[in-house]
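# Structure at a glance
The primary structure of each chain is shown beneath.
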Amino acid sequence: MLTDLLRTKLVASILLSLSATPVLSQDQNNVLEYTSEVSSEELEASLKPIIIADRVEMPASLLGGDLEALGGEVVINEPGASFIKVHFSEFDIPEGSWVTVSNKDGSEEYRYGNTQRDDFTVDNEEDGVNRWASMSITGDTAIVRLHQYEANSWVPTKNNLKISHYMRGYSENEIAYRVRTLSTCGSNERKDVACYERSHPTEFKYANAVGRLVMGRGLCTAWRVSADNRMFTNNHCMSTESSVRGSEVWFNYQRSSCSGQQMNQVVKVSGQSLLKTDYTLDYTLFTVNNFSAIRQFGYLGLEVRDPQKSEVIYIAQHGSGAPKQFGIESDYNSGNVCRVDASSRTGRASGTDLGYYCDTTGGSSGSPVLAGSSNKAIGLHHYGGCLNQGVKVSRIWPQVQDFFNNQVP
């Protein structure tokens, strides 16, 4: 039948063998103690975003180019994958046509035309016009569909639609297996934020402003700073305009209950512009597209004073790429709470950092270190090593205050 000829379907179900990964040593289990100092060389070597996805080459054409193949569908299925992110190498479709990228049941869907598009990302290999990437689709299946407004509008010599590759996101267990941590101090006390919803309702509310930062194959943490479109993460996570434009921030990526299986509905936005970055203070200030979608999650504000030894702190984070967790408790501290254990530490320069035994891990980079007295960010986490360390906001503020009209958020 003609309707059959108008519909092509390519099912890509590719199981990728993982590269050899060393067996975890006893020191890499959930009970870790690092009471000796970690060298600055080790710390710097660890400052690389953790890898959370494989790039899968797929030079598949959605369309054959003749009139019988004007409609098309590509199903990309990767059993066990946490997300699929589709990259287009050629995107020039007739006006009035559009492409959707969705999950199986259509509960997550993005719509793209030549000029009118939902959120998308652009990496340093792409031009944002004909070459770009859809937002990631949560789960192990992404469906790419071409929707034709007029059946005879396709011009084979002009129009084309091709997928060059996609990202296959690792599962939570795969990421945790690959992460070597120097930043779990004593027993691992990082827990789902939902575990503290009743006991720490204020902290739970402020944690909404913290998101999972996905940069191509890498991962860190980012967070809303102010009522305006302003986000913070580390310089070692993103430091260029192209890296920002190629990123996504996932808000509300957390479990609905303590250690439960049900996830909240995630809101994803793409990186827009780099505002300011600094290597020594290891921060990047940036903006996102579709800012209105994340206003609902609030913001943290900044504590621009110097931290005080023994004051209570906590950290909202996406360590190991996991759904959002808190570092609130610490078996190294009195009262079993996270505290400022060193009010001044050497980071990438003398006296730039504060130190703490609050548990973090790979992927926690860029997380806010929050003052318990105000729930504002007093530090920007970046180092493990027990003491773990964050850059003092009091050092960052003078470099970025112009972006806030000199008003502390």
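Residues numbered from 1 in each chain as written. Predicted model: local features only at pLDDT ≥ 70, side-chain atom pairs only at ≥ 80, totals over all residues. Heavy atoms only, no water.

### Looking at the side chain of Arg339
Within the element layout of this structure, Arg339 appears in the loop between strand E23 (325–327) and strand E24 (342–345). Buried Arg339, no salt bridge; nearest opposite-charge side chain is Asp341, N-O distance 6.7 Å. Of the polar contacts made by the side chain of Arg339, one reaches the backbone oxygen of Ser310; its length is 2.9 Å. Leaving out residues up to four positions away in the same chain, Arg339 has contacts with Ser310, Glu311, Val312, Ile313, Asn333, Ser334, Gly355 and Tyr356. (Helix = DSSP H or I, 4+ residues; strand = E, 2+ residues; numbered from the N terminus. Buried < 20%, exposed > 50% of the residue type's maximum accessible area, 1.4 Å probe, protein only. Lys, Arg positive; Asp, Glu negative; His and termini not counted. Salt bridge = Lys/Arg side-chain N within 4 Å of Asp/Glu carboxyl O. Polar contact = N/O pair within 3.5 Å; in protein donor to acceptor, adjacent residues only side chain to side chain. Contact = heavy atoms within 4.5 Å.)

### Focus: the confidence of the model for the protein chain
Note that predicted coordinates carrying low pLDDT should not be read in detail. Averaged over every residue, the pLDDT of the protein chain is 86; the share at 70 or more is 85%. In the model, residues 1–36 has pLDDT below 50 throughout and makes 75 contacts with residues more than four positions away in sequence or in other chains. In the predicted structure, residues 63–70 sits below a pLDDT of 50 and forms 21 contacts with residues beyond four places in sequence or in another chain. (pLDDT = per-residue confidence, 0-100.)

### A few points about the pattern of salt bridges
This structure, assessed with the given rule, holds 17 salt bridges. With a shortest N-O distance of 2.6 Å, Glu57 and Arg55 are connected by a salt bridge. A relative accessible area of 49% means that Glu57 is categorised as partly exposed. Relative accessible area serves as the criterion here: at 36%, Arg55 is assigned to the partly exposed category. Between Glu108 and Lys268 there is a salt bridge, with its nearest N and O atoms 3.0 Å apart. A residue pair is termed long-range when its members are at least 10 positions apart, and Glu108 in the loop between strand E7 (98–102) and strand E8 (109–112) and Lys268 in strand E20 (residues 267–278) qualify at 160 residues. Each member of the pair, Glu108 together with Lys268, is buried.

### Quick notes on the nonpolar core
Formed by 27 residues in total, the largest nonpolar core has its most connected members in Trp223, Phe232, Leu302, Phe326, Ile396 and Val400. In terms of residues, this core owes the most to one element, helix H6 (residues 393–400), which gives four residues. Discounting chain neighbours no more than four positions away, the residues touching Phe326 are Glu189, Arg190, Lys191, Val193, Tyr196, Glu203, Phe204, Ala207, Tyr314, Ile315, Ala316 and Gln317. In this structure, Phe91, Ile93, Tyr110 and Trp154 belong to the second largest nonpolar core, which totals 25 residues. (Core = buried A, V, L, I, M, F, W, Y, C linked by side-chain atoms within 4.5 Å.)

### Points about the packing of aromatic side chains
By the definition in use, this model includes 14 aromatic pairs. Each ring, one from Phe83 and one from Trp250, has its centre 5.7 Å from the other, and the planes form 80°; the classification is edge-to-face. Here Phe83, found in strand E6 (residues 83–92), pairs with Trp250, found in strand E19 (residues 247–251); they are 167 residues apart in sequence, far enough to count as distant. Within the aromatic cluster, the residues linked to one another by ring pairs are Phe88, Phe91, Tyr112, Phe120 and Trp132. Sitting above the plane of the Trp98 ring, Arg111 keeps its charged end 4.0 Å from the centroid. It is Lys268 that lies over the ring of Trp250; its NZ or CZ is 4.3 Å from the centre. (Phe/Tyr/Trp six-rings, centres within 6.5 Å; stacked < 30°, edge-to-face > 60°. Lys NZ or Arg CZ within 6 Å of the ring centre and 35° of its normal.)

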